[in-house]
Amino acid sequence: MENLIAIENLKKYFPIYGGVLKRKVAEVKAVDDVHLNIMRGECFGVVGESGCGKTTLGKTIIRLLNPNAGHIFYRVPKEIVEAIKYLERNDPKSKALKYLLKEYDIAYLTGRRLKKFRRYMQIVFQDPSTSLDPRMLVKDIVAEPLVSQGLAKGANVGKRVVEVLELVGLSRSHLYRYPHEFSGGQRQRIAVARAIITNPEFIVLDEPTSSVDVSVRAQLLNLFKELQKKLGLTYMFISHDLSVVECISDRVAVMYLGKIVELAETYDLYKNPLHPYAKALFASIPVPDPTRRREKAPLYGEVPSPVNPPAGCRFHPRCALAMDICKRDEPPLVDVGGGHLVACYAVTEKE
Ligand code: SF4
C-alpha cells in the first residue's frame, strides 16, 4: 500500500501561564515526538485512556492545531522525505532545506495554501450536537466547506449537497431542517456529509460513535466502511472503545501520555499485545462469556501528569517489569517482526 501521510517527530505542547505577569510556567506535553505512517485506503485506529493525546494528535495532523515541532508529510514522495531528513542532519541551515519544508511540509503551511489544503483532510467530531450550528439549516451546514473553498457555485452547490446527503443515508427532504430535529445518529450523518462534501482523501474520525447507542453505533460503523470503499477514503479512527476500533481498523496504535507505545495490525495487537500498558488496556475488554475470565495484567497507580512526565519510559512508575534502564532512557519504537512496533525494553531486549 502507498504511504499517504508520514509524521516525523511531531510535538504539540500547550502552555500553562501563571504568576502575576501571566508568564509561561509549564507545558502540557499532549503529543510528544510521535512518528507514524498512514497508508492510502487504510483505517488507522488510535486507542488509549482519556487525556493520552489521541485527539490532539488527530487535530494536529490536519492542522486544526499548530504543531510545536515535527513534520507532517502528505502525499510526499519518499525520496523528498529522505532528502529533508538528510539536510536536517547535515545542513540544517541550508536554503534547500527551507525550500523543501515550505513546499512539502504541512506543518509549515500558512494562509491561502493552508486553506486550500483543508479540502483534502477533514474531521468528524464526537458530539454532533455541539459541532453543528443549531441556527443553520442542514443545506447550509453541509454546503459550508464547499462554498468557503470556492469549489462550487449556484445550483451546483445544492446538487452536491443532495448527492452527499444521499451518500450518508439522508435525503433531499432533510435539506430545510435544523439539527435539533434529528436523532443523534442522523446528526452524525449530517456531520459526515459535511466532511465528505469537498471530496477529501483523509478523515479524522474523533470518537464518532461514542455519543450514540449500540444499534446506531453499528449503523454508523457500516456507513464509514461503505464510504471508505466507495470514495477511497483513508481514516484515522480515534476512540477509547477498543471493540469499536477492532471492528473498523486495519492497524492500531496505542498511545500513553503523548507517545505511541505500540503499533501493529489490528489482529496481531488484539491477539497478542506486547507492551505492559497495552496488555493492561486490552485485558479490560469484557469477554462475552460468563464462564470465562480474562487474565488481568497488573497496573499500578494513576496516570502521571503530562505537565511533568516521568523520565525514561513514561510508563515506568506503573510497570511491574520496570528495570533501571527504564527510569533513565526512553525506549525507542522497535519493529519486533511483521511491522509490529513496541517501545519497551522488556520486550525488545528479549527479541
Ligand atoms: Fe515497563 Fe520498562 Fe517496558 Fe517501560 S520500558 S513498559 S517500564 S519494562
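Residues numbered from 1 in each chain as written. Predicted model: local features only at pLDDT ≥ 70, side-chain atom pairs only at ≥ 80, totals over all residues. Heavy atoms only, no water.

A.B. asks: Please clarify how helix α3 (residues 95-104) should be interpreted in this entry.
C.D. replies: Residues Leu97, Leu100 and Leu101 constitute the buried set of α3. One face of α3 carries all of its buried residues, which in axial projection span an arc of 100°. What points out from α3, more than 90 degrees from its buried face, is the exposed set Lys95, Lys98, Tyr99 and Lys102. The inward-facing, buried residues of α3 contact β4 (69-74) and α2 (78-90). (Buried < 20%, exposed > 50% of the residue type's maximum accessible area, 1.4 Å probe, protein only. Helix = DSSP H or I, 4+ residues; strand = E, 2+ residues; numbered from the N terminus. Arc of directions from axis to C-beta. Contact = heavy atoms within 4.5 Å.)

A.B. asks: What should I look at first to understand the site of the ligand in this one?
C.D. replies: Around the ligand sit 13 residues in total, of which Cys313, Cys319, Cys326, Cys344 and Tyr345 are the nearest. Using a 2 Å cut-off from the grid points, one finds that the ligand occupies the largest cavity. Counted by class, the shell around the ligand contains 11 nonpolar, two polar and no charged residues. (Near = heavy atom within 4 Å. 1 Å grid on protein atoms, 1.4 Å probe; cavity = no way out; pocket = protein on both sides within 12 Å on 5 of 7 lines; lining within 4 Å. Sits in = over half its atoms within 2 Å of the grid points. Nonpolar A, V, L, I, M, F, W, Y, C, P; charged D, E, K, R; others polar.)

A.B. asks: Could you clarify how one ought to interpret the sheet that holds strand β8 (residues 251-256) in this entry?
C.D. replies: By way of backbone hydrogen bonds, the strands of a sheet pair with one another, either parallel or antiparallel. Read across the sheet, eight strands follow the order β5-β6-β7-β3-β8-β9-β11-β10 without closing on themselves; strand pairing throughout is mixed. Since the sheet does not close on itself, it has two edges, and those belong to β5 (121-124) and β10 (334-335), each with one partner. With five bridges joining them, strand β6 (residues 202-206) and strand β7 (residues 234-238) adopt parallel strand pairing. For Phe202, the partnering residue across the bridge sits in β7 and is Thr234. In this fold helix α1 (residues 54-61) packs onto β3 (43-47), β5, β6, β7 and β8, with an angle of close to 155° to the strand it touches most, β7. Where helix α9 (residues 214-231) meets the sheet, its contacts fall on β3, β6 and β7, and the angle it forms with β7 comes to roughly 155°. (Pairing = 2+ DSSP bridges. Axes fitted to C-alpha atoms, helices over the stretch in contact; angles between N-to-C directions.)

A.B. asks: How should the environment of Tyr270 be read in this particular structure?
C.D. replies: Inspection of the secondary structure assignment puts Tyr270 in helix α11 (residues 266-271). For Tyr270, a relative accessible area of 13% corresponds to the buried category. A sequence separation of 12 residues divides Tyr270 from Phe282, and the C-alpha atoms of the two residues are 7.0 Å apart. Setting aside residues no more than four positions away along its own chain, Tyr270 makes contact with Val47, Leu242, Val245, Glu246, Val252, Phe282 and Ile285. Of the polar contacts made by the side chain of Tyr270, one reaches the backbone oxygen of Leu242; its length is 2.7 Å. (Polar contact = N/O pair within 3.5 Å; in protein donor to acceptor, adjacent residues only side chain to side chain.)

A.B. asks: What am I meant to see in the environment of Ile84 here?
C.D. replies: Mapped onto the fold, Ile84 is located in helix α2. Residues Ile84 and Cys313, spaced 229 residues apart in sequence, show a C-alpha to C-alpha distance of 29 Å. Once residues lying within four places of it in the same chain are set aside, the contact partners of Ile84 are Phe73, Leu97, Leu100 and Leu101.

A.B. asks: Before we go on, may I ask you to explain the domain arrangement of the protein in this structure?
C.D. replies: Reports of interface size often rely on the accessible area that becomes lost once the parts have come together. Segmenting the protein into domains produces domain 1 (1-40 + 65-108), domain 2 (42-63 + 112-249) and domain 3 (266-351). Placing the centre of domain 2 and that of domain 3 at their C-alpha centroids yields a distance of 32 Å. Here domain 2 meets domain 3 over a buried area of about 730 Å², counting both sides, of which 61% is carbon and sulfur. Three residues, Glu49, Leu242 and Glu246, lead the burial of domain 2 against domain 3; their summed loss comes to 68% of the area buried on that side. Where domain 2 packs against domain 3, one counts one salt bridge. Between Arg318 and Glu49 there is a salt bridge, with the nearest N and O atoms lying 3.8 Å from each other. For the pair domain 2 and domain 3, the number of links is four residue pairs in polar contact (both at pLDDT 80 or more). A total of four residues in the side of domain 2 that touches domain 3 trace back to one element, the largest contributor, which is helix α10 (residues 242-248). Of the residues assigned to the side of domain 2 that touches domain 3, the class counts are three nonpolar, three polar and two charged. (Domains from an automatic or database assignment. Buried area = accessible area lost by both parts, 1.4 Å probe. Salt bridge = Lys/Arg side-chain N within 4 Å of Asp/Glu carboxyl O.)

A.B. asks: Is there a simple way to think about the state of the cysteines in this case?
C.D. replies: By definition, a disulfide is the covalent link that joins the sulfur atoms of two cysteine residues. Taken as a whole and judged by the stated rule, the model has zero disulfides. Looking at the unpaired Cys43, the closest cysteine sulfur is the one in Cys247, lying at 9.4 Å. (Disulfide = S-S within 2.5 Å.)

A.B. asks: So what exactly am I meant to see when it comes to the nonpolar core here?
C.D. replies: Membership of the largest hydrophobic core comes to 60 residues, with the highest contact counts inside it found for Val142, Phe224, Phe237, Val254 and Tyr270. The residue makeup of this core includes at least three contributed by each of domain 2 (42-63 + 112-249) and domain 3 (266-351). Excluding anything up to four places from it in sequence, Phe224 contacts Val192, Leu205, Pro208, Thr209, Tyr235, Phe237 and Ile248. The next biggest cluster of nonpolar side chains, apart from the first, holds 31 residues, and it includes Val46, Tyr74, Ile123 and Met236. (Core = buried A, V, L, I, M, F, W, Y, C linked by side-chain atoms within 4.5 Å.)

A.B. asks: It is not clear to me how the packing of aromatic side chains should be interpreted in this structure. Could you clarify?
C.D. replies: Two measures describe an aromatic ring pair: the distance that separates the ring centres and the angle between the ring planes. Taken as a whole and judged by the stated rule, the model has eight aromatic pairs. When the ring of Tyr74 is compared with that of Phe117, the centres are 6.0 Å apart and the planes differ by 75°; the resulting orientation is edge-to-face. Taken together, the residues Tyr74 in strand β4 and Phe117 in helix α4 (residues 111-117) connect sequence positions 43 residues apart. Since its relative accessible area comes to 6%, Phe117 is described here as buried. Measuring from ring centre to ring centre gives 6.1 Å for Phe224 and Tyr235, while their planes differ by 75°; the resulting arrangement is edge-to-face. (Phe/Tyr/Trp six-rings, centres within 6.5 Å; stacked < 30°, edge-to-face > 60°.)

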